[in-house]
Amino acid sequence: MTRVLVSDKISNEGLEILKSGGFEVVYKPEISHEDLVKEIAEYDALVIRSRTTVSADVLQNAKRLKVIGRAGVGLDNVDVKTATKLGIIVMNTPGGNTISTAEHTMAMLTSLARMIPQADRSMKEGQWEKKRFVGVELFRKTLGVIGLGRIGTEVAKRALAYGMRVLAYDPFISTEVAKKLGVQPATVEEICKESDFITVHVPLNDQTRNLIDKPQIEMMKPTVRLINCARGGIINEDALLEALQSKRIAGAALDVFTQEPLPADHPFRKLDNVVLTPHLGASTSEAQEGVAKEVAEQVVDALSGRVIRNAVNAPSVDPAILEQLRPYLELARRMGKFMAQFVTKPVRVFRVYYSGSVLDYPTAPVTTAALVGFLEPISEATVNFVNAGPIAHERGIEIVELKSTELHGYANLITVETEAEDGTKNWLGGTLFTRDRARIVIINDKMFDVVPEGNLIVIENKDVPGIVGSVGTLLGKHGINIAQMTWGRTEAGKDAITVINVDQDVPPNVLAELAHLPNILSAKLIVI
Ligand code: NAD
Ligand code: MLT
């Protein structure tokens, strides 16, 4: 039975959706890392939030794991690279908690400006300290937004509504998009120098770790207030602590930390100019319900072989389009498999050309399907949509996808071409006559009508009389029935290729006998 482990707290609705998929769902929201390493081998899917760390040691033991579903955005707790190598789909729920996190950022911004948490604490201690808590307005102040993605954009919109001037740094967002939003594109340096408030909304990776460090803090106004509702470590915590302790800057509001939970004795907890929340950005009932339901539905779909959505390491295709695409995916996979058994030299370039009506659909998944088929017979690993690209890359195979106008009279044509190191090329053309009538119609420069399934004997022969008779007699002698036969040649009397679908397995001795028949140049078996 398909088994799903949920190793973090998720809402009941999410658990119910997983169970409705007909899977055995095991809910262990407190499981230790050591137990996860031991137990993961028993599961087909793992559903997590941010508490669970899915590191290489977990993945190496995950013998049957197919999907990791992250209820939330950040994937810094998942070793996506190793998962990809192992063919495990990693999916998250981008967008499900955007508004909650943007609203939390705004709450942090106003809390900082008006010292609301500090004033609340003082009130509860029996004080009435009106003079102590004189804040600053947000109106006409400058907010620097670093990372103008989903959350950064929502924060920028809200800050503009407060009458703030918004500067934004995001090298992956065009100036036009920023301007349309009403924000001013800026460099990190400009943001540091000009802002009254700075908020970060980038993913944590090697480029963003310590994006705000001592040199950047040195550039800031002494009145600046920093907010981090993204990930601990984007603002260097040591540099920030020093700046807060020395009052080099006015304050900070932090929702995320390099070590979570933040240690009980961490010096941040003792500072009066810091507002702290325990990673609450996405902690609203709406967001939690939303991401849990979303991830559960995605995992059910993926495990049921329906559609892969929001995967960071596999193509996501709209279900309606996938339905249309399915026969092309299957044809491409079969062509790839044929090619893997047809070529004789190590392949360096794997090209897929598309022409005609197949171009009405996204072709990237079709290319991946052809690659999966190609790698299946030659790779030790289980090859799938997730790891086909990385496996090809590891083998030094370049993948190229191209549009073409060559149709050779067909309404749609997929051409899989391989090139060996010495420049030798082989190519196959495949077409769909109808949704369930797929054919390989070109092998190198010859035209065919090959049904790409089962056992195929591919014979290179001289184009002379008697070939069909001698081959048929030999196969008959061995009890092998011919289901279909097709041949192609470029010119009468020259070399030809004969492709024979047979109903039985073809032992090597039969192939050897075939190869020794007069006028036969070679005979090989291709199994699809
Ligand atoms: P997103 O992918 O929509 O946006 C991230 C943006 O950062 C993108 O526009 C990208 O172009 C930009 N970016 C990437 N590298 C950059 C770099 N080196 N310099 C500048 N910009 C760069 O992500 P999102 O959904 O907006 O999430 C943003 C952050 O918030 C992530 O770190 C996520 O993990 C975190 N998050 C935290 C909580 C929480 O509970 N506190 C909740 C949700 C998301
Ligand atoms: C996220 O990345 O989605 C947030 O940090 C919330 C969470 O960890 O669940």
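Along each chain, numbering runs from 1 in the same order as the chain's sequence is written. Throughout, the order in which chains and ligands are written sets their labels, letters from A for the former and numbers from 1 for the latter. Residue-level local features of this predicted model are given only where pLDDT is at least 70; pairs of side-chain atoms are given and counted only at 80 or more, and the full residue set underlies all totals for whole chains, interfaces and linings. With hydrogens and water set aside, each side-chain value is computed from the structure's full complement of heavy atoms.

Caption draft 1: Summary view of the overall build of the protein. Across its full length, the protein carries 17 helices and 22 strands. The globule rule is 2.2 Å times the number of residues to the power 0.38, and the radius of gyration it is compared with is taken over C-alpha atoms. At 31 Å, the protein has a C-alpha radius of gyration far larger than the 24 Å of a compact globule built from 528 residues. With respect to the three principal axes, the spread of C-alpha positions in the protein is 105 × 45 × 35 Å. Expressed as a percentage of the 528 residues in the protein, the buried residues total 50%. Contacts: residue pairs with any heavy atoms within 4.5 Å of one another. Put simply, 63% of the contacts in the protein that link residues at least 6 apart link residues at least 24 apart. Using the Shrake-Rupley algorithm and a 1.4 Å probe, accessible areas are obtained, with residue cover drawn only from the displayed protein chains. Approximately 24,500 Å² of the protein is accessible, and the part contributed by carbon and sulfur atoms is 52%. Neither His nor the chain ends contribute to the count of charged residues, in which Lys and Arg are positive and Asp and Glu negative. Positions of charges follow a simple convention, taking NZ of Lys, CZ of Arg, CG of Asp or CD of Glu. Here the protein holds 59 positive side-chain charges and 65 negative ones, and the gap between their average locations is 4 Å. In DSSP terms, a helix is any run of H or I states spanning at least four residues, a strand is any run of E spanning at least two, and both are numbered starting from the N terminus. Partly exposed describes any residue whose relative accessible area lies between the buried limit of under 20% and the exposed limit of over 50%, with all areas from a 1.4 Å probe on protein chains only and scaled to the type maximum.

Caption draft 2: Geometry of the environment of lysine 403. Looking at the element boundaries, lysine 403 is found in strand S14 (residues 398-403). Taking relative accessible area as the criterion, lysine 403 reaches 70% and is therefore assigned exposed. Counting along the chain gives 48 residues from lysine 403 to serine 355, while the straight-line C-alpha distance between them is 6.1 Å. Those residues in contact with lysine 403, other than ones at most four positions away along the chain, are Tyr354 and Leu359.

Caption draft 3: Spatial organisation of the packing of helix H1 (residues 12-20) against helix H12 (residues 285-303). Where H1 contacts H12, the axes come no closer than 8 Å and their chain directions differ by 10°. Compared by their axis directions, H1 and H12 come out roughly parallel. Where H1 abuts H12, its residues Glu13, Gly14, Ile17 and Leu18 lie against Glu289, Ala292, Lys293, Ala296, Glu297, Val299 and Val300. Note on residue classes: Ala, Val, Leu, Ile, Met, Phe, Trp, Tyr, Cys and Pro are nonpolar, Asp, Glu, Lys and Arg are charged, and everything else, Gly too, is polar. Partitioned by chemical class, the residues of the contact of H1 with H12 number 6 nonpolar, 1 polar and 4 charged. Each axis is a line fitted through C-alpha atoms, and for a helix only the stretch in contact is used; angles between axes span 0 to 180 degrees, taken between their N-to-C directions. Small angles under 35 degrees read as roughly parallel and large ones over 145 as roughly antiparallel, with 65 to 115 read as roughly perpendicular and the rest as oblique.

Caption draft 4: Fine view of the packing of helix H16 (residues 467-477) against helix H17 (residues 508-515). It is the contact of H16 with H17, at a shortest axis distance of 10 Å, that shows an interaxial angle of 155°. Between H16 and H17, the interaxial angle falls into the category roughly antiparallel. Helix-helix and strand crossings are classified by hand; for H16 and H17 the assignment is right-handed. Contacts between H16 and H17 involve Val471, Leu474, Leu475 and Lys477 on the former and, on the latter, Val510, Glu513 and Leu514. Here the residues of the contact of H16 with H17 are counted per class, giving 5 nonpolar, no polar and 2 charged. Left-handed is the label given to a crossing in which the near helix is rotated counterclockwise from the far helix by less than a right angle, and right-handed is the label when the rotation is clockwise.

Caption draft 5: The arrangement of the site of ligand 2 in detail. Neighbouring residues are identified by heavy atoms, a residue being near a molecule or strand if any of them is within 4 Å of it. Taken together, Arg49, Ser50, Arg70, Ala71, Gly72, Val73, Gly74, Asn97, Arg231, His279 and Ala282 form the complete shell of residues around ligand 2. Within the contact set of ligand 2, an oxygen atom lies 2.7 Å away from a backbone nitrogen or oxygen of glycine 74. Its residues assigned to classes, the shell around ligand 2 shows 3 nonpolar, 5 polar and 3 charged. A 3.5 Å cut-off defines polar contacts: any pair of N or O atoms within that distance qualifies, except that in protein one atom must be a possible hydrogen donor and the other a possible acceptor, and neighbouring residues in sequence count only when both atoms are side-chain atoms.

Caption draft 6: Just the sheet that holds strand S10 (residues 225-228), in detail. Read across the sheet, 7 strands follow the order S8-S7-S6-S9-S10-S11-S12 without closing on themselves; strand pairing throughout is parallel. In the strand order of this sheet, the two ends are held by strand S8 (184-185) and strand S12 (274-276), each with one partner. What makes two strands pair is DSSP finding at least two bridges between them. Where S10 and strand S11 (residues 251-254) come together, 4 bridges link them in parallel fashion. In the sheet register, isoleucine 227 faces S11, and the bridge partner there is alanine 253.

Caption draft 7: Inspection of the environment of alanine 388 at higher detail. Tracing the backbone shows alanine 388 in helix H15 (residues 388-394). The class of alanine 388 is buried, set by a relative accessible area of 0%. Residues alanine 388 and leucine 475, spaced 87 residues apart in sequence, show a C-alpha to C-alpha distance of 37 Å. When near neighbours in sequence (up to four residues on either side) are disregarded, alanine 388 contacts Thr368, Leu371, Val372, Leu375 and Val383.

Caption draft 8: Quick peek at the site of ligand 1. Around ligand 1 sit 25 residues in total, of which Arg150, Ile151, Asp170, Val202 and Cys229 are the nearest. Note that an oxygen atom of ligand 1 is positioned 3.3 Å from one of the backbone N or O atoms of glycine 149. Separating an oxygen atom of ligand 1 from a backbone N or O atom of arginine 150 is a distance of 2.9 Å. Its free accessible area being 860 Å², ligand 1 has 88% of it covered by the protein chains. Broken down by class, the residue content of the shell around ligand 1 amounts to 12 nonpolar, 9 polar and 4 charged.

Caption draft 9: Examining the domain arrangement of the protein more closely. For the domains described, the bounds stem from an automatic or database domain assignment. Each assigned domain of the protein is listed here: domain 1 (1-93 + 284-314) and domain 2 (98-276). Computed over C-alpha atoms only, the centres of domain 1 and domain 2 are separated by 32 Å. Between domain 1 and domain 2, the residue contacts involve 6 residues of the former and 4 residues of the latter. Approximately 390 Å² of surface area, both sides summed, lies buried where domain 1 meets domain 2, with 43% of it carried by carbon and sulfur atoms. The term buried area refers to how much accessible surface (probe radius 1.4 Å) is lost by two components on association, counted for both of them together. The largest contributions to the domain 1 side of the interface with domain 2 come from Val73, Asp76 and Thr284, which together make up 73% of the buried area.

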